[in-house]
Amino acid sequence: MTDPDNLASKPVEDRMPEELSLAGDFPKVTHEQWEDAVLKVLNRGRPEGKELNIEQGMKRLEPTTVDGIQIEPMYRRQDASEKLGAPGVPPFTRGTTVRDGSMDAWDVRALHEDPDVEFTKKAVIADLERGVTSLWLRVGADAINPEDIAGDLKDVLLDLAKVEVSSRDDQEAAAEALLKVYADSKIEPDKLSFNLGLDPIGFAALNGGTPDLSGMGEWVRKIEKYKNSRAFVVDATIYHNAGAGDVHELAWAIATGVEYVRALMEQGLTAEQAFDAINFRVSATHDQFLTICRLRALRTLWNRVGEVFEVPAAKRGARQEAVTSWRELTRDDPYVNILRGTISTFGAAVGGAEAVTTLPFDAAIGLPKSDFSRRIARNTGIILAEESNIGRANDPAGGSFYVEALTKKLEEAAWVEFQAVEAAGGMAAAVTGDHVRTELDKLNAERAKRLATRKQPITAVSEFPLLDAKTVETKPYPETAERNGLEWRRDAEIFEALVDRSATCSERPKVFLACLGTRRDFGPREGFSAPVWHIAGMETPECEGGTTEEVVKAFKESGAEVADLCSNAKTYAAQGLEVAKALKEAGAKLVYLSGAFKEFGDDAAEAEKVVDGRIYLGMDVVDVLTTTLDTLGVAK
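Basis of the calculations
Residues numbered from 1 in each chain as written. Predicted model: local features only at pLDDT ≥ 70, side-chain atom pairs only at ≥ 80, totals over all residues. Heavy atoms only, no water. Helix = DSSP H or I, 4+ residues; strand = E, 2+ residues; numbered from the N terminus. Buried < 20%, exposed > 50% of the residue type's maximum accessible area, 1.4 Å probe, protein only. Contact = heavy atoms within 4.5 Å. Areas by Shrake-Rupley, 256 points an atom, 1.4 Å probe, with all protein chains shown as cover. Lys, Arg positive; Asp, Glu negative; His and termini not counted. Charge placed at Lys NZ, Arg CZ, Asp CG, Glu CD. Core = buried A, V, L, I, M, F, W, Y, C linked by side-chain atoms within 4.5 Å. Pairing = 2+ DSSP bridges. Axes fitted to C-alpha atoms, helices over the stretch in contact; angles between N-to-C directions. Parallel < 35°, antiparallel > 145°, perpendicular 65-115°, else oblique. Left-handed = near helix turned anticlockwise from the far one by under 90°. UniProt positions renumbered as here; feature names shortened; annotations may be inferred. Domains from an automatic or database assignment. Salt bridge = Lys/Arg side-chain N within 4 Å of Asp/Glu carboxyl O.

So what exactly am I meant to see when it comes to the overall build of the chain here?
For the chain, the count of helices and strands is 23 helices and 15 strands. Dimensions of the chain, computed from C-alpha atoms along their principal axes, come out at roughly 85 × 75 × 60 Å. Taken across its 636 residues, the chain has 52% of its residues classed as buried. For the chain, the proportion of contacts with a sequence separation of at least 24, taken over those separated by at least 6, is 78%. Counting every atom, the chain has about 29,700 Å² of accessible surface; 51% of that belongs to carbon and sulfur. For the chain, the centre of its 77 positive side-chain charges and the centre of its 106 negative side-chain charges are spaced 1 Å apart.

Rendered as structure tokens:
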């Protein structure tokens, strides 16, 4: 190839260096120089003598996940494995299925759970005609009736679309109904692909009781002629929705799989046949890197299990179907769920999932009433595959020092938890005993603290909430019988409960922002504090500067009974205490301070006696908002 603007020039190939180094023209930077630069930023504005040392500085840049995985501020070559391996071969870290460059590298799998037969039948065809490649039918008293599966799939070309069922109340009825559809299809068995969705340990985790593994071998024999189909799904999303973090979801998935292999071998199958019968259903969260690494780690650990069971190397790869996190969905301002779903789907695809289900963005509210949210859900995966071309590369995150190191950390931590489950007698015993519940209680308690302090923020809920955000009209979910197993909860529920309390009032509760001084003085604090009150659906009328008398007058006219001082240290020292006292005398039941008491200067000690609480980064917003609503007499 030659330069079109200079045809006499040498070919480009002759002018290319043998080794391309993008940083070659820059001086090499040492790790110590990087640390010095970091400390310079962290110590900016700190008083002399109170600067952070490197250990203190690094600690501030090393967050941990809810289950204790430490994230480093920077990863280097020595943090990653020397050998990357390859997709499609042990240990399968880089993928079970080798992608050949096609756009449809994973199944775009649509979830259907509406009991209305005509609605679901139309929705199924709409999905398949518009790019979905496989179907997931949730069957049960609160979803699709087992007897209606045949009708829902009446117009589906079963040899072209994979179908999977699941059930929270009668897995065997769902499996039998789906199997009958395929048996009646008259299509050659080796051209069909389905999954019966049986997960006895997961069923017991949801409903209570003791897992019954006694009939597992018989189910494998029932579908023996269907060479491309499987009977079982280890559903790790059950534990995710109950509060499990990445480590426990991973460990419990592996532990369940091991239990199933043992049961199937006891019932006359080989370890190879057992591996061929099992898929994994895993969550995909808005943390794309943890999702990517967890999927990679699951394959590595399942390969290790296969080694112990002496499964042939080619059969040890785990097949995963990822589902965007239900626990992370929000009821309020639901359109933001589209962003969560997109990031989660991306993470699952890059992580090498064989199938990805993107939940409708209104799934926290109810069943889709039209095709809109279903269309957004299916198009998320289709666009990522066909326009972003994610599926054309095998393990595109592989080789990243961060991804390789984080994958290894998850493997090691999950293996420790897996061994704890084994010591407790296996996953069935861990579910029926105290182990799983005890671990979930600890994880949920830690997550609750992080949510309340916004160390784990929720966009549009605990951060950047929008009063009067648009919602979506849906159909209500059918009523369900009470279950005695693990309780599912969404992260946003604690904040939604505060909004619901405010909604019981004929007018929104109000917190008056007493903005003192000029906008330059109060602007930053006003911008920080107003959204705190909006979290609970409370209005924030305000004044902009003025004398103490003018501030009090504006407070009375606002109709609020709670006030929040917003300004800077200079203005607090000059006017803060006087305004706080005046607001109390004017009837304020609570007066809050956006900032620190020390900003009042000589009046700091007295201000602490007058002001009822502070608004600051890291505060427990749930506690402050609950206290405020209680003080205002808002119904619980």
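What's the story with the nonpolar core in this structure? I'm lost.
As a rule of thumb, nonpolar side chains are buried together in soluble globular proteins. Membership of the largest hydrophobic core comes to 106 residues, with the highest contact counts inside it found for I149, L196, F232, Y239, W302 and M427. At 12 residues, helix 10 (residues 246–266) tops the list of elements feeding residues into this core. Non-local contacts of W302, meaning those with residues more than four positions away in its chain, are made with I254, G257, V258, V261, F275, I278, F280, R316, G317 and A318. Counting residues in each nonpolar core, the second largest holds 30 residues, with F522, W533, L629 and V634 among its members.

Can you help me understand the pairing of strand 11 (residues 512–515) in this one?
Each regular strand shows side chains that alternate between the opposite faces of the sheet. Neither face of strand 11 is exposed, since F512 and A514 on one face and L513 and C515 on the opposite face are all buried. Relative to strand 13 (residues 562–566), strand 11 runs parallel, the two being bridged by 4 bridges. Considered in strand 13, the bridge of A514 is made with L565. Relative to strand 12 (residues 542–544), strand 11 is paired through 3 bridges, and the arrangement is parallel. Of the residues in strand 12, the one forming a bridge with A514 is C543.

Would you mind going over the environment of E507 with me for this structure?
Looking at where E507 falls in the secondary structure, it is placed in the loop between helix 18 (493–503) and strand 11. Sequence separation between E507 and G601 is 94 residues; the distance between their C-alpha atoms is 38 Å.

Explain the packing of helix 10 against helix 12 (residues 288–308) to me, please; I cannot follow it from the model alone.
Working note: a packed helix pair is described by the angle between its axes plus the distance between those axes. Contact pair helix 10 / helix 12: the axes reach a minimum separation of 10 Å and the direction vectors enclose 30 degrees. Here helix 10 is positioned roughly parallel relative to helix 12, judged by the angle of their axes. In the crossing of helix 10 with helix 12, the sense of the turn from one axis to the other is right-handed. Counting all contacts with helix 10, which are made through D246, E249, L250, A253, I254, G257, V258 and V261, the residues of helix 12 involved are L290, R294, A297, L298, L301, W302 and V305.

Would you mind going over the UniProt feature "domain: Methylmalonyl-CoA mutase alpha/beta chain catalytic" (unreviewed entry) in the chain with me for this structure?
In the numbering used here, UniProt assigns the feature "domain: Methylmalonyl-CoA mutase alpha/beta chain catalytic" (unreviewed entry) to residues 65–137 and 226–479. For the annotated span residues 65–137, helix accounts for 18% and strand for 14% of the residues, and the straight-line distance between the end C-alpha atoms is 33 Å. As annotated, residues 226–479 has a helix share of 51% and a strand share of 10%, and its two end C-alpha atoms lie 36 Å apart.

What is the right way to read the sheet that holds strand 7 (residues 320–324) from this model?
Two strands in a sheet stick together by hydrogen bonds in their backbones, pointing the same way (parallel) or opposite ways (antiparallel). Strand order in the closed barrel formed by 8 strands is 1-2-3-4-5-6-7-8, with parallel pairing between adjacent strands. Looking at each pair of strands side by side, their axes are set apart by 30 degrees on average, direction ignored. Pairing geometry for strand 3 (residues 162–167) and strand 4 (residues 194–198), over 2 bridges, is parallel. Paired with E164 across the two strands is N195, which belongs to strand 4. Against the sheet, helix 10 contacts strand 5 (230–235) and strand 6 (278–284), and its axis sits at roughly 170 degrees relative to strand 6.

Could you clarify how one ought to interpret the domain arrangement of the chain in this entry?
The parts lose accessible area when they come together, and the size of an interface is often stated as this lost area. Domain annotation for the chain reports domain 1 (107–424) and domain 2 (505–632). Computed from C-alpha atoms alone, the centre-to-centre distance between domain 1 and domain 2 is 50 Å.

How should the sheet that holds strand 12 be read in this particular structure?
Here 5 strands make up an open sheet; going across it, the order is 12-11-13-14-15 and the pairing parallel. Two strands bound the open sheet, and with one partner strand each, they are strand 12 and strand 15 (613–615). Averaged over neighbouring strand pairs, the angle between their axes works out to 25 degrees when direction is ignored. Along the sheet, helix 19 (residues 519–534) makes contact with strand 11, strand 12, strand 13, strand 14 (590–594) and strand 15, crossing strand 13 at roughly 140 degrees. Lying on the sheet, helix 23 (residues 621–631) is in contact with strand 13, strand 14 and strand 15; it crosses strand 14 at an angle near 155 degrees.

In this structure, what is going on with the pattern of salt bridges? I would like to understand it.
When the charged atoms of two side chains with opposite charge come close together, those side chains can pair. As enumerated under the stated definition, the model contains 51 salt bridges in all. Between D491 and R327 there is a salt bridge, with its nearest N and O atoms 3.3 Å apart. You can see D491 sitting in the loop between strand 10 (474–475) and helix 18 and its partner R327 sitting in the loop between strand 7 and helix 13 (337–350), a full 164 residues away along the chain. As far as burial versus exposure is concerned, D491 and R327 are alike and both buried. For D371, the salt bridge identified is with R378, shortest N-O distance 2.9 Å. On the accessibility criterion, D371 (30% relative accessible area) is partly exposed. A single network of salt bridges, built from pairs that share partners, joins D107, R109, K162, E164, D235, R281 and E321.

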